[in-house]
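# Close look at the chain arrangement
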Amino acid sequence: DAGITQSPRHKVTETGTPVTLRCHQTENHRYMYWYRQDPGHGLRLIHYSYGVKDTDKGEVSDGYSVSRSKTEDFLLTLESATSSQTSVYFCAISDDSLGPGYTFGSGTRLTVV
Amino acid sequence: GQQLNQSPQSMFIQEGEDVSMNCTSSSIFNTWLWYKQDPGEGPVLLIALYKAGELTSNGRLTAQFGITRKDSFLNISASIPSDVGIYFCSARYGGSQGNLIFGKGTKLSVKP
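Residues numbered from 1 in each chain as written. Chains lettered and ligands numbered in written order. Predicted model: local features only at pLDDT ≥ 70, side-chain atom pairs only at ≥ 80, totals over all residues. Heavy atoms only, no water.

### A word on the packing of aromatic side chains
Spelled out, the test is: Within 6.5 Å between ring centres, the rings of Phe, Tyr and Trp (the latter by its six-membered ring) count as paired, and their orientation is classed by plane angle as stacked under 30 degrees, edge-to-face over 60, tilted in between. Numbering of helices and strands starts at the N terminus; helices are DSSP runs of H or I of at least 4 residues and strands are runs of E of at least 2.
Applying the stated criterion across every chain yields a total of 15 aromatic pairs over all chains. Between Tyr-31 of chain A and Tyr-50 of chain A the ring centres are 5.2 Å apart and the planes differ by 85°, which places this aromatic pair in the edge-to-face class. In this pair, Tyr-31 of chain A is assigned in strand 4 (residues 31-38) and Tyr-50 of chain A in strand 5 (residues 42-51), connecting sequence segments 19 residues apart. Judged by centre distance (5.8 Å) and plane angle (90°), the rings of Phe-104 of chain A and Tyr-35 of chain B are edge-to-face. Highlighted residues: Phe-104 of chain A in strand 10 (residues 103-104) and Tyr-35 of chain B in strand 4 (residues 31-37), drawn from two different chains.

Encoded structure:
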């Protein structure tokens, strides 16, 4: 078990409010990722991290920021939530010890009203 | 940018039927992976492929890494109700820890 936890699992927020989603892992794996999943679009990479304070943008990074001040936590922040950011957000981790793919969390369903 | 074209988008299965889906791209990849997502959960890795022409099985699932390195195929034999879900193809670009891109998924449902 790779020990990856996302919180909260569900959230409803109002347009214009800031929102932070948390991804926590228990085994100090190096690489962490945030994806969003939308019908008709599959999984799209928002941001990723190669280590503490080492992050980079993915395909759909506009409107999102991330921080990784500790190996175990990767935070995704929507500075001012919009309805287009209503989605299911998945965190994933990878490392040579985990094999070839990513291990995903169970997701956070975010609704912006 | 790089893109994976996965088809079909959705399909209905009847228990016992074989199922096929595929993923194509205009780009060459060194690793192809197939994931399955159950409702309310994150995707879970089913099969990983590393070499052109490679054929790999995991129980009733068989996947192939296309000869051109631009495509991959997944077959499910003798489907059962628990096969329903969304299947994603994925490919890695860059080195051994390069990022993954994903197809849009194939949703398997049971025939009414």
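### With respect to the interface of chain A and chain B
Keep this limit in mind: Only heavy atoms matter for contacts: two residues are in contact if any of them lie within 4.5 Å across the pair. Defined here as a combined quantity, buried area equals the accessible surface (1.4 Å probe) lost by two parts on assembly, summed across both. Here, a salt bridge means any side-chain nitrogen of Lys or Arg that lies within 4 Å of a carboxyl oxygen of Asp or Glu. Whenever two N or O atoms come within 3.5 Å, that pair is a polar contact, provided that in protein one can donate a hydrogen and the other can accept it, and provided that, for residues adjacent in sequence, both atoms are side-chain atoms. Put simply, Ala, Val, Leu, Ile, Met, Phe, Trp, Tyr, Cys and Pro go in the nonpolar bin, Asp, Glu, Lys and Arg in the charged bin, and everything else, Gly too, in the polar bin.
Facing the 22 residues of chain A at the interface are 20 residues of chain B. Ranking the residues of chain A by area buried against chain B places Leu-43, Pro-100 and Tyr-102 of chain A at the top, with a combined share of 34%. Between the two partners, chain A and chain B, sit zero salt bridges. Connecting chain A to chain B are seven residue pairs in polar contact (both at pLDDT 80 or more). Broken down by element, the residue count for the side of chain A that touches chain B peaks at five residues, all from strand 5 of chain A. Per-class residue counts for the side of chain A that touches chain B are eleven nonpolar, eight polar and three charged.

### Focus on the environment of Tyr-31 of chain A
Residues and elements named next belong to chain A. Applicable threshold: The rule is simple: take the accessible area with a 1.4 Å probe, protein chains only, and divide by the maximum for that residue type; under 20% is buried, over 50% is exposed, in between is partly exposed.
For Tyr-31, a relative accessible area of 9% corresponds to the buried category. For the pair Tyr-31 and Thr-108, spaced 77 residues apart in sequence, the C-alpha to C-alpha distance is 19 Å. A distance of 3.1 Å separates polar atoms of two side chains, one belonging to Tyr-31 and the other to Arg-30.

### Topic: the layout of surface pockets
To locate leftover empty space, one rolls a probe as large as a water molecule over the atoms. To keep it simple, the criterion reads: With a 1 Å grid spanning the protein atoms alone, the term cavity applies to any set of points in which a 1.4 Å probe fits but cannot get out, the term pocket to an open set with protein on both sides within 12 Å along at least five of seven lines, and the term lining residue to any residue with an atom within 4 Å of a point. Grid points are joined across faces, edges and corners, and a volume is the space filled by probe spheres set on the points.
By volume, the largest pocket is sized at about 750 Å³. Taken together, 36 residues make up the lining of the largest pocket; nearest its centre are Gln-37, Asp-38 and Pro-39 of chain A together with Gln-37 and Ile-86 of chain B. At the level of secondary structure, the elements contributing two or more residues to the lining of the largest pocket comprise strand 4, strand 9 (87-94) and strand 11 (108-112) of chain A together with strand 1 (5-7), strand 9 (85-92) and strand 11 (106-110) of chain B. Per element, the largest residue contribution to the lining of the largest pocket is four residues, and it comes from strand 11 of chain A. When its residues are assigned to classes, the lining of the largest pocket shows ten nonpolar, 19 polar and seven charged. Space inside the second largest pocket adds up to approximately 340 Å³. Together, 20 residues line the second largest pocket, and Arg-44 and Glu-59 of chain A together with Gln-2, Ile-101 and Phe-102 of chain B are the ones closest to its centre. Looking at the lining of the second largest pocket, the elements with two or more residues in it are strand 5 of chain A together with strand 10 (100-102) of chain B. In terms of residues, the lining of the second largest pocket owes the most to one element, strand 5 of chain A, which gives four residues. Among the residues making up the lining of the second largest pocket, the classes are represented as nine nonpolar, seven polar and four charged.

### What about the sheet that holds strand 6 (residues 55-58) of chain B?
Residue and element names in this part refer to chain B. To be explicit about the condition: Strand pairing is defined by DSSP finding a minimum of two bridges between the two strands. Fitted lines through C-alpha atoms give the axes, limited to the stretch in contact for helices. The angle between two N-to-C directions lies from 0 to 180 degrees.
Pairing is antiparallel across the open sheet formed by five strands, whose spatial order is 1-3-8-7-6. Looking along the sheet, the strands with just one partner apiece sit at the ends: strand 1 and strand 6. Each neighbouring strand pair of the sheet contributes to a mean axis angle of 15°, computed without reference to strand direction. Bridge count between strand 3 (residues 19-24) and strand 8 (residues 71-76): six bridges; the pairing is antiparallel. By the bridge assignment for strand 8, Met-21 is matched with Leu-74.

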